Amino acid sequence: MSDTTTPPLPEGEACVPVSVSEQVEFCYARGWTDGLPVVPATRLLVDDMLEAGGYRPADVIANMPSRKVAVTAEKVAINAVMAGCRPEYMPVVAAAVKGLAAPAFGLHHVASALSGPTIIIVVNGPIAKRLGINSTNNAFGGGERANATIGRALHLVLLNCLRYRPGISDRATFGTPGKMTCCLAENEEDHPWEPWHVERGCRADESTVTLVAASTMIQVWNYGNHEQLLCAIGDALSYLGSIALLGRTPGAVVFAGEHAELLRGSGWSKRRMREFIAEQTARSIADLKRTGRLDGAIAPGDDAARHYAIDTPEDLMLICAGSPIGALSMVLPGFGSSKTAGRSPVIRIEGPRTA
Amino acid sequence: MLDAVILEKAGIPAIPVITDAFGSTAREMADLWGVPGFRFVMMPHPLASLSPDTIEHRADELVDKVLQLLQEGQPA
């Protein structure tokens, strides 16, 4: 990480920062921040974080064999403090770190990808309301401490514990603003179907996180009927420049209130919607060749031949969040050239304050 | 890079081929795994856009170097 503005640390002498500004600069000088100031992680604050999560400092939250690191609770707590988390957020942050370690997530693929995806933390269950994790207005846009700091904590863990440093191991060409922080809760109240974690085998009263890696975020504005809406969503999941178009990495769709209401009224099951959306992700082979996504000259039959960006509809994550008003949904195309990475399993949040 | 390091640790000789844009990433992974001198072959970036014929040609260009390093082995 380049740093041309921070004064160098004094060498060969004890450095005990006293003032808040000195403490903040101390953290900058060591490359511990994401570019924004961090809260200095004092012993007292870290201990409070550990206690709230029910952890001892040496407890291993997750083993990351590809990075040769066992991430301890103390390290997670330090980064959660630095991110600005309240102690009661610790179980959520810890669960998200476990999500990074899940083999299905493909940590190294996600964290080192040129496409520099946003890692979105999706929170389900009663803990979301208890902690004030926003699922409604401006769900992706900031303004709530829980969303902002839980997402930031995970990215500080990537930076400080897993050593994903921009330009070295994190090879994002652009990155995304969401790499700084991205966390939201599913809106489980205004919901046409069962919530994501229940669909995946958890009880409604359990709290969970799921990580989703998305190369970009596309807002779909649509005042049509449910079929027209789902056609537009299929188009957004399969745009010709999408890095996920050929690799078919699982994506996700977040329906806001008006669209959720429209889909509720349609009477369609979630399964039927997934299958319909998948059918709308068809692109002609001719288009793929015209845009250089496939090699070769356009041949007779290429206009009629189809490639589907989603060929396993059951992989498509459909959730609800966002404002009750606005005919908008957020499409989150996958991030890479492989189906085998980019989404964690549903991780149950454990800890003394989840009961 | 990681695959090659793991193969070597399992006793299977391996020389990774890296595009030059990822040289620093490869070296960082080798450092992380405690094999800072791990040898690899670099070729020009990018790879993903090459046609099958160009990839064949690229492989022909690199194979002697890869074989040479395989015979010499990774540093102990």
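Residues numbered from 1 in each chain as written. Chains lettered and ligands numbered in written order. Predicted model: local features only at pLDDT ≥ 70, side-chain atom pairs only at ≥ 80, totals over all residues. Heavy atoms only, no water.

Engineer: Even after reading the chapter, I still don't get the overall build of chain B, so can you show me in this structure?
Structural biologist: Helix and strand counts for chain B come out as three helices and two strands. N-terminal to C-terminal, the α/β element order of chain B is α-β-α-β-α. Taking 2.2 N^0.38 as the reference for a compact globule, 76 residues should give roughly 11 Å; the C-alpha atoms of chain B span a radius of gyration of 13 Å, in line with that estimate. With the C-alpha coordinates of chain B rotated into their principal frame, the extents come out at 35 × 25 × 15 Å. Within chain B, the fraction of its 76 residues that count as buried is 36%. Residue pairs in contact within chain B that sit at least 24 positions apart in sequence constitute 65% of those at least 6 positions apart. Once the 5 positive and 11 negative side-chain charges of chain B are each reduced to a mean point, those two points are 8 Å apart. (Helix = DSSP H or I, 4+ residues; strand = E, 2+ residues; numbered from the N terminus. Rg over C-alpha atoms; globule rule 2.2 N^0.38 Å. Buried < 20%, exposed > 50% of the residue type's maximum accessible area, 1.4 Å probe, protein only. Contact = heavy atoms within 4.5 Å. Lys, Arg positive; Asp, Glu negative; His and termini not counted. Charge placed at Lys NZ, Arg CZ, Asp CG, Glu CD.)

Engineer: What is the right way to read the overall build of chain A from this model?
Structural biologist: Counting secondary structure elements, chain A contains 13 helices and 12 strands. Over its C-alpha atoms chain A spans a radius of gyration of 21 Å, differing by no more than 12% from the 20 Å that the globule rule assigns to 355 residues. Reported as C-alpha extents along the three principal axes, the dimensions of chain A are approximately 75 × 45 × 35 Å. Here chain A holds 355 residues, and the buried ones make up 52% of them. Considering only contacts within chain A whose residues lie at least 6 apart along the sequence, 81% involve residues at least 24 apart. When the accessible surface of chain A is summed, it comes to about 15300 Å², and 55% of that surface belongs to carbon and sulfur atoms. The positive charge centre, built from 33 side chains, and the negative charge centre, built from 36, are 4 Å apart in chain A. (Areas by Shrake-Rupley, 256 points an atom, 1.4 Å probe, with all protein chains shown as cover.)

Engineer: Teacher, can you tell me more about the packing of helix 3 (residues 73-83) of chain A against helix 4 (residues 90-101) of chain A here?
Structural biologist: Between two packed helices, what matters for the description is the angle formed by their axes and the separation of those axes. Residues and elements named next belong to chain A. Helix 4 packs onto helix 3 with a crossing angle of 120° between their chain directions and a minimal axis gap of 10 Å. Helix-helix and strand crossings are classified by hand; for helix 3 and helix 4 the assignment is right-handed. Across from Ala73, Val76 and Ala77 in helix 3, the residues of helix 4 making contact are Met90, Val93, Ala94 and Val97. Of the residues assigned to the contact of helix 3 with helix 4, the class counts are seven nonpolar, no polar and no charged. (Axes fitted to C-alpha atoms, helices over the stretch in contact; angles between N-to-C directions. Left-handed = near helix turned anticlockwise from the far one by under 90°. Nonpolar A, V, L, I, M, F, W, Y, C, P; charged D, E, K, R; others polar.)

Engineer: Which parts of the structure should I look at to understand the packing of aromatic side chains?
Structural biologist: Each pair of aromatic rings is reported with the distance of its centres and the angle of its planes. Residues and elements named next belong to chain A. Evaluated as defined, the whole model comprises four aromatic pairs over all chains. Judged by centre distance (5.2 Å) and plane angle (70°), the rings of Trp268 and Phe276 are edge-to-face. For Phe276, a relative accessible area of 14% gives the class buried. Positioned above the aromatic ring of Phe26 is the side chain of Arg30, whose terminal nitrogen or guanidinium carbon lies 3.6 Å from the ring centre. Over the ring of Trp32 we find Arg30, and its NZ or CZ is 5.9 Å from the ring centre. (Phe/Tyr/Trp six-rings, centres within 6.5 Å; stacked < 30°, edge-to-face > 60°. Lys NZ or Arg CZ within 6 Å of the ring centre and 35° of its normal.)

Engineer: Even after reading the chapter, I still don't get helix 3 (residues 52-72) of chain B, so can you show me in this structure?
Structural biologist: Spacing of three or four residues puts side chains on the same side of an α-helix, whose turn is 3.6 residues. All names here are of chain B. Along its 21 residues, helix 3 runs 30 Å from first to last C-alpha, staying within 8% of the 30 Å computed at 1.5 Å per residue. For helix 3, the principal kink sits at Leu62 and spans about 40°. Every buried residue of helix 3 is accounted for by Arg58, Leu62, Val66 and Leu69. Remark: Gly73 follows helix 3 within two positions and exhibits a positive phi of approximately 85°. (Expected span 1.5 Å × (residues − 1). Bend = angle between axes of the 7 residues up to and from the residue.)

Engineer: Please clarify how the confidence of the model for chain B should be interpreted in this entry.
Structural biologist: Any residue range with low pLDDT should be treated as having predicted coordinates unsuitable for detailed reading. All names here are of chain B. For chain B, per-residue confidence averages 93 on the pLDDT scale, and 100% of positions sit at 70 or higher. Per-element averaging of pLDDT across chain B places helix 2 (residues 23-32) at the bottom with 92 and strand 2 (residues 41-43) at the top with 95. Predicted complex metrics record ipTM = 0.81 and pTM = 0.91. (pLDDT = per-residue confidence, 0-100.)

Engineer: Before we go on, may I ask you to explain the sheet that holds strand 6 (residues 218-221) of chain A in this structure?
Structural biologist: As a general point, the strands of a sheet are linked pairwise by backbone hydrogen bonds and lie either parallel or antiparallel. Residue and element names in this part refer to chain A. What the four strands build is an open sheet, ordered 6-11-7-10; its pairing is mixed. Either end of the sheet is taken by a strand with one partner, and the two such strands are strand 6 and strand 10 (317-320). Taking each pair of neighbouring strands and ignoring which way they run, the sheet shows an average axis angle of 25°. Note that strand 7 (residues 252-255) and strand 10 share four bridges and pair parallel. Directly across from Val253, in strand 10, lies its bridge partner Leu318. Docked against the sheet, helix 9 (residues 226-236) engages strand 6, strand 7 and strand 11 (328-332), running at close to 160° with respect to strand 6. (Pairing = 2+ DSSP bridges.)

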